[in-house]
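Structural overview
What follows is the residue order along each chain.
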Amino acid sequence: MVGLSMLWLSSRGAWRNVYGNLFGSQALHMLSSLMINVAIDLKKYHTGGLYDLPLIASFLWFGATGLIAYKKWSCAG
């Protein structure tokens, strides 16, 4: 997280957008994993429940970031 935040804040142009999306998706993944682990400890987690939605959203965001990066560099070339 620290490394991605440093890259995001120090970059410019298209890289800033890509690093910002990577930072956001990783932050969502970290927080959703923490939330799931707490729910497991409290015996409130079950597979396929609402706790899984933020985790799935983070995976989709990672994929969307790859598509965003591809689109930025394929149009630039």
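This write-up is about the structure you can find in this document. From a predicted model like this one, the values you see are computed outputs, not experimental measurements.

Helix and strand counts for the protein stand at three helices and zero strands. Tracing the protein from N to C terminus, the helices and strands come up as α-α-α. A globule of 77 residues ought to have a C-alpha radius of gyration of about 11 Å, yet the protein, at 15 Å, is considerably larger. With the C-alpha coordinates of the protein rotated into their principal frame, the extents come out at 50 × 25 × 10 Å. Considering only contacts within the protein whose residues lie at least 6 apart along the sequence, 51% involve residues at least 24 apart.

Here we take up unusual backbone geometry. With a phi close to 60°, Lys43 is a non-glycine residue in the positive phi region. Note that Lys43 resides in the loop between α2 (14-41) and α3 (52-76).

To continue, consider α2. Helix length check: α2, at 28 residues, gives a terminal C-alpha distance of 41 Å against a target of 40 Å (1.5 Å per residue), a fit within 8%. Three or more residues of α2 are buried, namely Val18, Tyr19, Gly20, Asn21, Gly24, Ser25, Ala27, Ser32, Ile36 and Ala39.

Right, let's talk about the side chain of Ser11 for a bit. Assignment of secondary structure puts Ser11 in the loop between α1 (2-10) and α2. Judged by its relative accessible area of 11%, Ser11 is buried. Excluding residues that lie within four positions of it along the chain, Ser11 makes contacts with Arg16 and Tyr19.

The final tally for this structure, using the stated rule, is three aromatic pairs. Ring geometry for Trp15 versus Trp73: centroids 4.8 Å apart, planes at 55°, classification tilted. Taken together, the positions of Trp15 in helix α2 and Trp73 in helix α3 put the pair 58 residues apart, joining distant regions of the chain. What makes Trp73 partly exposed here is its relative accessible area of 35%. Between the aromatic rings of Tyr45 and Tyr51, the centroid separation amounts to 6.4 Å while the plane-to-plane angle is 55°, which identifies the pairing as tilted. By relative accessible area, Tyr51 is classed as partly exposed at 27%. Taken together, the aromatic side chains of Trp15, Tyr19 and Trp73 make up a single cluster linked through ring pairs.

The rules behind the values
Residues numbered from 1 in each chain as written. Predicted model: local features only at pLDDT ≥ 70, side-chain atom pairs only at ≥ 80, totals over all residues. Heavy atoms only, no water. Helix = DSSP H or I, 4+ residues; strand = E, 2+ residues; numbered from the N terminus. Rg over C-alpha atoms; globule rule 2.2 N^0.38 Å. Contact = heavy atoms within 4.5 Å. Expected span 1.5 Å × (residues − 1). Buried < 20%, exposed > 50% of the residue type's maximum accessible area, 1.4 Å probe, protein only. Phe/Tyr/Trp six-rings, centres within 6.5 Å; stacked < 30°, edge-to-face > 60°.

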